[in-house]
Amino acid sequence: AMCHERGEGGLPNDDAEAARLYRLAAEQGIAEALLNLGVLHLQGRGVPQDGAEGVRLYRRAADQGCAQAHFNLAMCHERGEGGLPNDDAEAARLYRLAAEQGIAEALLNLGVLHLQGRGVPQDGAEGVRLYRRAADQGCAQAHFNLAMCHERG
């Protein structure tokens, strides 16, 4: 499925075939297949665009402990995508879960929420601490955000 989605291994890019194969794998309980099928539904690639179905698939993957699904759900809550209302507190909770599972970008986004006081108490020191943790894991955007914090004081 991933080869069809990416056009790798000599296979043509075919999002519809990727969606079909992800669906088969998802029916067997593969969390990453649920996640990737959710992405296709949210973006309308290979399947009709259906944000609610994408979120439902993300939730199923997250229920299986998929860190990236927690992250994607957090972004949907933060941005009000996939039919979800904007809910920064829920986004923070989900970013925290993703961060605990090693997603550096979740630390970065949680740091932004702390610096801005969105969904969590405003706490610049905690935001910078989270940026540092993300930077230590190789997140380039965290390095940039730390530089901006140093520049602005």
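Residues numbered from 1 in each chain as written. Predicted model: local features only at pLDDT ≥ 70, side-chain atom pairs only at ≥ 80, totals over all residues. Heavy atoms only, no water.

**Structural notes on the overall build of the protein chain**
Here is step 1 of the chain: Scanning the protein chain from N- to C-terminus turns up nine helices and zero strands.
Here is step 2 of the chain: Along the protein chain, helices (α) and strands (β) appear in the sequence α-α-α-α-α-α-α-α-α when read from the amino end.
Here is step 3 of the chain: Along the first, second and third principal axes, the C-alpha set of the protein chain runs to 50 × 35 × 25 Å.
Here is step 4 of the chain: A total of 153 residues make up the protein chain; the buried ones form 45% of that total.
Here is step 5 of the chain: Counting every atom, the protein chain has about 7,800 Å² of accessible surface; 49% of that belongs to carbon and sulfur.
Here is step 6 of the chain: Distance from the positive charge centre (15 side chains) to the negative charge centre (21 side chains) of the protein chain: 2 Å. (Helix = DSSP H or I, 4+ residues; strand = E, 2+ residues; numbered from the N terminus. Buried < 20%, exposed > 50% of the residue type's maximum accessible area, 1.4 Å probe, protein only. Areas by Shrake-Rupley, 256 points an atom, 1.4 Å probe, with all protein chains shown as cover. Lys, Arg positive; Asp, Glu negative; His and termini not counted. Charge placed at Lys NZ, Arg CZ, Asp CG, Glu CD.)

**Comments concerning the layout of surface pockets**
Here is step 1 of the chain: Each pocket or cavity is described by its volume, and for the largest pocket that value is around 160 Å³.
Here is step 2 of the chain: Taken together, Leu-35, Asn-36, Val-39, Leu-42, Gln-43, Tyr-58, Gln-68, Asn-72, Met-75, Cys-76, Arg-79 and Glu-81 form the lining of the largest pocket.
Here is step 3 of the chain: The set of elements that each furnish at least two residues to the lining of the largest pocket consists of helix H3 (31-43) and helix H5 (67-79).
Here is step 4 of the chain: Within the lining of the largest pocket, the residues separate by chemical class into six nonpolar, four polar and two charged. (1 Å grid on protein atoms, 1.4 Å probe; cavity = no way out; pocket = protein on both sides within 12 Å on 5 of 7 lines; lining within 4 Å. Points joined across faces, edges and corners; volume = space filled by probe spheres on them. Nonpolar A, V, L, I, M, F, W, Y, C, P; charged D, E, K, R; others polar.)

**Topic: the packing of aromatic side chains**
Here is step 1 of the chain: Throughout the structure, instances matching the rule amount to one aromatic pair.
Here is step 2 of the chain: Aromatic pair Phe-71 and Tyr-95: ring centres 5.6 Å apart, planes at 50°, arrangement tilted. Of this pair, Phe-71 sits in helix H5 while Tyr-95 sits in helix H6 (residues 88-100), placing them 24 residues apart in sequence.
Here is step 3 of the chain: With relative accessibility at 0%, the residue Tyr-95 sits in the buried group. (Phe/Tyr/Trp six-rings, centres within 6.5 Å; stacked < 30°, edge-to-face > 60°.)

**Things to note about the pattern of salt bridges**
Here is step 1 of the chain: According to the stated counting rule, one finds seven salt bridges in the structure shown.
Here is step 2 of the chain: Put simply, Arg-118 and Glu-78 hold a salt bridge, and the shortest N to O gap is 2.9 Å. Of the two residues, Arg-118 sits in the loop between helix H7 (104-116) and helix H8 (124-136) while Glu-78 sits in helix H5, which places them 40 residues apart along the sequence.
Here is step 3 of the chain: What makes Arg-118 partly exposed here is its relative accessible area of 24%. (Salt bridge = Lys/Arg side-chain N within 4 Å of Asp/Glu carboxyl O.)

**Brief notes about the confidence of the model for the protein chain**
Here is step 1 of the chain: Chain-level statistics for the protein chain give a pLDDT mean of 94 and a share of 97% at 70 or above.
Here is step 2 of the chain: The element-level mean pLDDT for the protein chain is lowest in helix H1 (residues 2-6), coming to 66, with H6 highest at 98. (pLDDT = per-residue confidence, 0-100.)

**Digging into the side chain of His-114**
Here is step 1 of the chain: Looking at the element boundaries, His-114 is found in helix H7.
Here is step 2 of the chain: On the basis of relative accessibility, which here comes to 10%, the residue His-114 falls in the buried class.
Here is step 3 of the chain: Not counting residues within four places of it along the chain, the set of residues in contact with His-114 comprises Arg-96, Val-120, Pro-121, Gln-122, Asp-123, Glu-126, Gly-127 and Leu-130. (Contact = heavy atoms within 4.5 Å.)

**Regarding H8**
Here is step 1 of the chain: An ideal rise of 1.5 Å per residue puts 18 Å on 13 residues; H8 measures up with 18 Å between its terminal C-alpha atoms.
Here is step 2 of the chain: The elements touched by buried residues of H8 are H7 and helix H9 (140-152).
Here is step 3 of the chain: You can read the cap of H8 off the contacts: a side-chain oxygen lies 3.2 Å from the backbone nitrogen of Ala-125, and it is on Asp-123. (Expected span 1.5 Å × (residues − 1). Polar contact = N/O pair within 3.5 Å; in protein donor to acceptor, adjacent residues only side chain to side chain.)

**A few points about helix H4 (residues 51-63)**
Here is step 1 of the chain: Between its first and last C-alpha atoms H4 spans 18 Å; for 13 residues at 1.5 Å apiece the expected length is 18 Å, and the two agree.
Here is step 2 of the chain: If you check which residues of H4 are buried, you get Gly-54, Val-55, Leu-57, Tyr-58, Ala-61 and Ala-62. What you see down the axis of H4 is that its buried residues fit within an arc of 160°, all on one side. Turned more than 90 degrees away from the buried face of H4, the exposed residues are Ala-52 and Asp-63.
Here is step 3 of the chain: For H4, the secondary structure elements touched by its buried residues are H3 and H5.
Here is step 4 of the chain: Of the residues that open H4, the one with a side-chain oxygen 3.3 Å from the backbone nitrogen of Ala-52 is Asp-50.
Here is step 5 of the chain: Phi for Gly-65, located one or two positions after H4, is positive at around 90°. (Arc of directions from axis to C-beta.)

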